[in-house]
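Close look at the chain arrangement
Residues per chain are reported as follows:
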Number of protein chains: 2
Amino acid sequence: MQTERIPYRDGELVLTGHLIRPSGAPRAAIAVFPTIKNPTPAVEAKARALAEAGYLPMICDFYGAQPVDIDEAYSWANTLTEDPAIYRTRLHAALAALLEAAPGLPMAAIGFCMGGQAVLELARDGADLALVASFHGLLETKAPAHPGAVKARILVCHGDADPLAPRAHVLAFWEEMDRAGADWHFHSYAGVKHSFTNPDTPAGNPALAYDASADRQSWAALLGLLGEVIT
Amino acid sequence: MQTERIPYRDGELVLTGHLIRPSGAPRAAIAVFPTIKNPTPAVEAKARALAEAGYLPMICDFYGAQPVDIDEAYSWANTLTEDPAIYRTRLHAALAALLEAAPGLPMAAIGFCMGGQAVLELARDGADLALVASFHGLLETKAPAHPGAVKARILVCHGDADPLAPRAHVLAFWEEMDRAGADWHFHSYAGVKHSFTNPDTPAGNPALAYDASADRQSWAALLGLLGEVIT
């Protein structure tokens, strides 16, 4: 299973996607949005799992470079996310690159942490995706979805003990999605924190923890819904 | 696949379980609690699906008889559920019958509508079950779980548009389960109503509707979690 570098652009900025081809004909193309740290081994492992399941994943690039530490990542992320138009343009650039690399295939998008927020932003913006799936993604937005805007089905896999997305955000998200008329499945896991899909999550930050059960069950939920929407 | 009648008692009342043996050695025994109508073809189909997946299901009996219509069902159900002690005794009688029919096997319980409430009542009461799974079950209780009481893992598969379990009940349930320290997964499906697992749901009641996607995804979630907790 080989990774192909896919250069793409957002204006002057050069970004790099990483495409992983499955062994047979792919069932769909899947944009994989990483965490605030940009691609990491944990996200690459998820992309490989998609390729093993017969999909054509491309790991997307938020910044065009790798941040040297979490402070730099936050700084870059804030610059990107503070303006929904800038943020969404960056995200759509990845979808366009994937569409060019895999013309004619149905498309979905998944993401982790900031990437979870990213795929929800794409859904809010009416991206033509069969499914978006957010894993421990941020649920807030600066630009709530308009009625009828959301075309993608939505799966949110959420740690109920994630301090970055408390229950108030969950309720606000449901209400936003109701007004938009979106079709969502929301899975909440008791006691589960941010970053629950990442076995490399370091100890010491009380907001973060890997959770093997939530990781396993949320991944199964993704594959189940993908199997339903990709026909 | 044959159904075996398992007579059991709650005091003087004679009840009848229906056991369905899988073709090989069963992985676990599963008490299947029906809707307020007591066993119906839809519930029997779910029990058969469990047997096909290698489990030993027993369809449980709420009343010792079949109600002639929904009014009688409500009347019988109310008599049972208005006192948690009476209700839980009836439910434990089913578990005891299943344990006797299948000694030494790990046990789980699932239920639909009133049966969903029933399995949550068993969890609140500390029943020794590896998993309870509620499908469009009622979330309220007259006897909230005490801290540390819940031993079973819990899966709730819930229609977000179910008027019998509105969002206020969802939040109250989460808070009750938090206080109890329970380990739950809660799946909520947008626009999905009560009775979503039952393809025989009649038209004409705006509270009820079959939903093929929620049915499929919630069943996959059950099998996924069973596979994890039954080792």
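What you see is a predicted model; the values in this text were computed from it and never measured.

**Comments concerning the overall build of chain A**
Helix and strand counts for chain A come out as 6 helices and 8 strands. In sequence order, the secondary structure elements of chain A are arranged as β-β-β-α-β-α-α-β-α-β-β-α-β-α. Computed over the C-alpha atoms, the radius of gyration of chain A is 16 Å, within 12% of the 17 Å expected from 2.2 N^0.38 for a compact globule of 231 residues. Across its three principal axes, chain A shows a C-alpha extent of roughly 40 × 40 × 35 Å. In chain A, 67% of the contacts between residues at least 6 apart in sequence involve partners at least 24 apart. Across chain A, the centroid of the 17 positively charged side chains sits 3 Å from that of the 26 negatively charged ones.

**Section: the relation of the copies chain B and chain A**
The two chain copies are connected by a rotation around an axis plus a translation along it. Each copy of the sequence occupies a distinct position, and chain B is placed on chain A by a rotation of 180° and an axial shift of 0.0 Å, giving an RMSD of 0.0 Å. Here the copies are linked by what is in effect a two-fold axis. For chain B, the residue whose C-alpha comes nearest the rotation axis is histidine 187 of chain B, separated from it by 2.2 Å. A symmetric contact is evident, with 100% of the interface residues of chain B recurring at the interface of chain A.

**What about the layout of surface pockets?**
Counted as a void, the largest pocket has a volume near 750 Å³. Around the largest pocket sit 33 residues that line it, and Ile36, Tyr74, Cys113, Leu164 and His194 of chain A are the ones nearest its centre. Classifying every residue of the lining of the largest pocket by side-chain character gives 14 nonpolar, 13 polar and 6 charged. The space that makes up the second largest pocket amounts to roughly 540 Å³. Lining the second largest pocket are 26 residues; nearest its centre among them are Ile36, Ile70, Tyr74, Cys113 and His194 of chain B. Broken down by secondary-structure element, the contributors of at least two residues to the lining of the second largest pocket are α1 (41-52), α2 (70-81) and α4 (114-124) of chain B. Per element, the largest residue contribution to the lining of the second largest pocket is 5 residues, and it comes from α2 of chain B.

**Let's talk about the confidence of the model for chain A**
Mean pLDDT over chain A stands at 97; residues scoring 70 or higher make up 100%. Listed scores for the predicted complex are pTM 0.97 and ipTM 0.96.

**Looking at the packing of aromatic side chains**
Throughout the structure, instances matching the rule amount to 19 aromatic pairs over all chains. Relative to tryptophan 219 of chain A, the ring of phenylalanine 135 of chain A lies with its centre 6.1 Å away and its plane at 35°, an arrangement referred to as tilted. Placement of phenylalanine 135 of chain A in strand β6 (residues 131-135) and of tryptophan 219 of chain A in helix α6 (residues 212-229) is noted, with a sequence separation of 84 residues between them. Feature note: the residues Phe173, Trp174, Trp184 and Phe186 of chain A together with Phe173, Trp174, Trp184 and Phe186 of chain B constitute an aromatic cluster, connected by ring pairs. Positioned above the aromatic ring of tryptophan 219 of chain A is the side chain of lysine 46 of chain A, whose terminal nitrogen or guanidinium carbon lies 5.0 Å from the ring centre.

**Description of the side chain of glutamine 117 of chain A**
With respect to the secondary-structure elements, glutamine 117 of chain A resides in helix α4 (residues 114-124). When neighbours within four sequence positions are excluded, glutamine 117 of chain A is seen to be in contact with Thr81, Tyr87, Gly137, Leu138 and Glu140 of chain A.

**What about the pairing of strand β4 (residues 56-59) of chain A?**
All names here are of chain A. Residues of β4 alternate between two faces, with Leu56 and Met58 on one and Pro57 and Ile59 on the opposite face, all of them buried. The pairing of strand β2 (residues 13-20) with β4 spans 2 bridges and is antiparallel. Residue pairing across strands places leucine 19 opposite methionine 58, the latter belonging to β4. As defined by bridge partners, strand β3 (residues 29-33) adjoins β4 across 4 bridges and the pair is classed as parallel. Within β4, the position partnered with alanine 31 by the bridge is methionine 58.

**Points about unusual backbone geometry**
One non-glycine residue, serine 195 of chain A, adopts positive backbone phi at about 75°. A positive phi angle, close to 40°, is found at histidine 136 of chain B, a residue other than glycine. Within the element layout of this structure, histidine 136 of chain B appears in the loop between β6 (131-135) and β7 (153-159).

**A few points about helix α6 (residues 212-229) of chain B**
All names here are of chain B. Taking 1.5 Å of rise per residue, 18 residues should cover 26 Å, and α6 covers 26 Å from first to last C-alpha, within 8% of that figure. Taken as a whole, α6 has its buried residues at Ser213, Ala214, Asp215, Gln217, Ser218, Trp219, Ala221, Leu222, Leu225, Leu226, Glu228 and Val229. Its side-chain oxygen 3.3 Å from the backbone nitrogen of serine 213, aspartate 211 forms the N-cap of α6.

**Details of the side chain of aspartate 10 of chain B**
All names here are of chain B. Structurally, aspartate 10 is set in strand β1 (residues 3-10). For aspartate 10, a relative accessible area of 16% corresponds to the buried category. Within polar-contact distance, the side chain of aspartate 10 engages the side chain of arginine 90 at 2.7 Å. Aspartate 10 has contacts with Leu15, Thr89, Arg90 and Ala93, leaving out every residue within four places of it along the chain.

**Describing the pairing of strand β7 (residues 153-159) of chain A**
Residue and element names in this part refer to chain A. In terms of residue burial, β7 counts as a mostly covered element, since 7 of its 7 residues are buried. Residues Arg153, Leu155, Cys157 and Gly159 line one face of β7 and the alternating positions Ile154, Val156 and His158 line the opposite face, and both faces are buried. Here 5 bridges tie β6 to β7, and the two strands are oriented parallel to one another. The residue of β7 that forms the bridge with serine 134 is valine 156. Bridge analysis of β7 against strand β8 (residues 184-189) gives 6 bridges, and the strand direction is parallel.

Cut-offs applied
Residues numbered from 1 in each chain as written. Chains lettered and ligands numbered in written order. Predicted model: local features only at pLDDT ≥ 70, side-chain atom pairs only at ≥ 80, totals over all residues. Heavy atoms only, no water. Helix = DSSP H or I, 4+ residues; strand = E, 2+ residues; numbered from the N terminus. Rg over C-alpha atoms; globule rule 2.2 N^0.38 Å. Contact = heavy atoms within 4.5 Å. Lys, Arg positive; Asp, Glu negative; His and termini not counted. Charge placed at Lys NZ, Arg CZ, Asp CG, Glu CD. Least-squares fit on C-alpha atoms with pLDDT ≥ 70 in both. 1 Å grid on protein atoms, 1.4 Å probe; cavity = no way out; pocket = protein on both sides within 12 Å on 5 of 7 lines; lining within 4 Å. Points joined across faces, edges and corners; volume = space filled by probe spheres on them. Nonpolar A, V, L, I, M, F, W, Y, C, P; charged D, E, K, R; others polar. pLDDT = per-residue confidence, 0-100. Phe/Tyr/Trp six-rings, centres within 6.5 Å; stacked < 30°, edge-to-face > 60°. Lys NZ or Arg CZ within 6 Å of the ring centre and 35° of its normal. Buried < 20%, exposed > 50% of the residue type's maximum accessible area, 1.4 Å probe, protein only. Pairing = 2+ DSSP bridges. Expected span 1.5 Å × (residues − 1). Polar contact = N/O pair within 3.5 Å; in protein donor to acceptor, adjacent residues only side chain to side chain.

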